[in-house]
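# Observations on the three-dimensional arrangement
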Amino acid sequence: VDAPLGQCDDIAVSIPIPTSTGCAPVPVFSEFCGPETPINGTTFMNQSTPTTVDVSGYMQGSACADIELCFIVNVDFDAAFEEVRVRLPDGTLTPNLNPGTGGNCLEYTFCITITAAQLETWIANFGTNLTFTLQPDTSVSLTQCAGSTFQTCINVPTDCSQFAIN
């Protein structure tokens, strides 16, 4: 395979073209999910909806990289102004999470990244049953989709050797 030429102090050097012998396997995760919780409200999502994730199986120091915190909702999301915000165990709010104009009654997953230190601080301060609260958005209709639900999952990468490139 011909390699492109590079310049280094006016000396031509040969730079090999990177190749791959295949893709690395998917990293190994420990997943902690709360139940699919019915979204609170009357005609619209006008009440907050808490859900709890039991992380009692989490072992301190077991995360080998940042942790993925995912919120799964099945609700009316056919307008760009309909959005999800979630209050985290420490009281902070996620940014506005919006699928755009994806459609009604579909399952949407929104993920953010947290550090292992953040998860371990939550466990130290609030115990192993962590509460995540979907915030009200009165533009979201609960009558358009039967069985609108909210769920939180915490995905902890536990085997980072799987991140290696072959």
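Structure's up top.
Residues numbered from 1 in each chain as written. Predicted model: local features only at pLDDT ≥ 70, side-chain atom pairs only at ≥ 80, totals over all residues. Heavy atoms only, no water.

In spatial order, the strands read 6-10-8; together these three strands make up an open sheet with antiparallel pairing. The open sheet is flanked by strand 6 (49-54) and strand 8 (86-87), the only strands paired with a single partner. With six bridges joining them, strand 6 and strand 10 (residues 129-134) adopt antiparallel strand pairing. Within the sheet, the bridge partner assigned to T52 lies in strand 10 and is T131. (Pairing = 2+ DSSP bridges. Helix = DSSP H or I, 4+ residues; strand = E, 2+ residues; numbered from the N terminus.)

With that settled, the discussion passes to the nonpolar core. Judged by nonpolar contacts, the single largest core of 33 residues is most densely connected at Y58, L69, F71, L119, F132 and I154. Going through the elements one at a time, strand 7 (67-77), strand 9 (103-114), helix 1 (116-126), strand 10 and strand 12 (149-159) are the ones with two or more residues in this core. Ranked by residues supplied to this core, first place goes to strand 7 with six residues. Look past the residues within four positions of Y58 in its chain and what remains in contact with it is F32, A63, A116, L119, E120, I123 and V156. (Core = buried A, V, L, I, M, F, W, Y, C linked by side-chain atoms within 4.5 Å. Buried < 20%, exposed > 50% of the residue type's maximum accessible area, 1.4 Å probe, protein only. Contact = heavy atoms within 4.5 Å.)

Let us look at the packing of aromatic side chains. The final tally for this structure, using the stated rule, is four aromatic pairs. With a centroid separation of 6.5 Å and an interplanar angle of 20 degrees, the aromatic rings of F71 and F150 are classed as stacked. One end of the pair, F71, is in strand 7; the other, F150, is in strand 12, and 79 residues separate them in sequence. For F150, a relative accessible area of 0% corresponds to the buried category. Taking 6.4 Å as the distance between ring centres and 25 degrees as the angle between the ring planes, the aromatic pair formed by Y108 and F110 counts as stacked. By relative accessible area, which is 12% here, Y108 ends up buried. Judged by relative accessible area, F110 falls into the buried class, the value being 10%. Here a set of aromatic residues connected by ring pairs shows up, and it is made of F71, W122, F132 and F150. (Phe/Tyr/Trp six-rings, centres within 6.5 Å; stacked < 30°, edge-to-face > 60°.)

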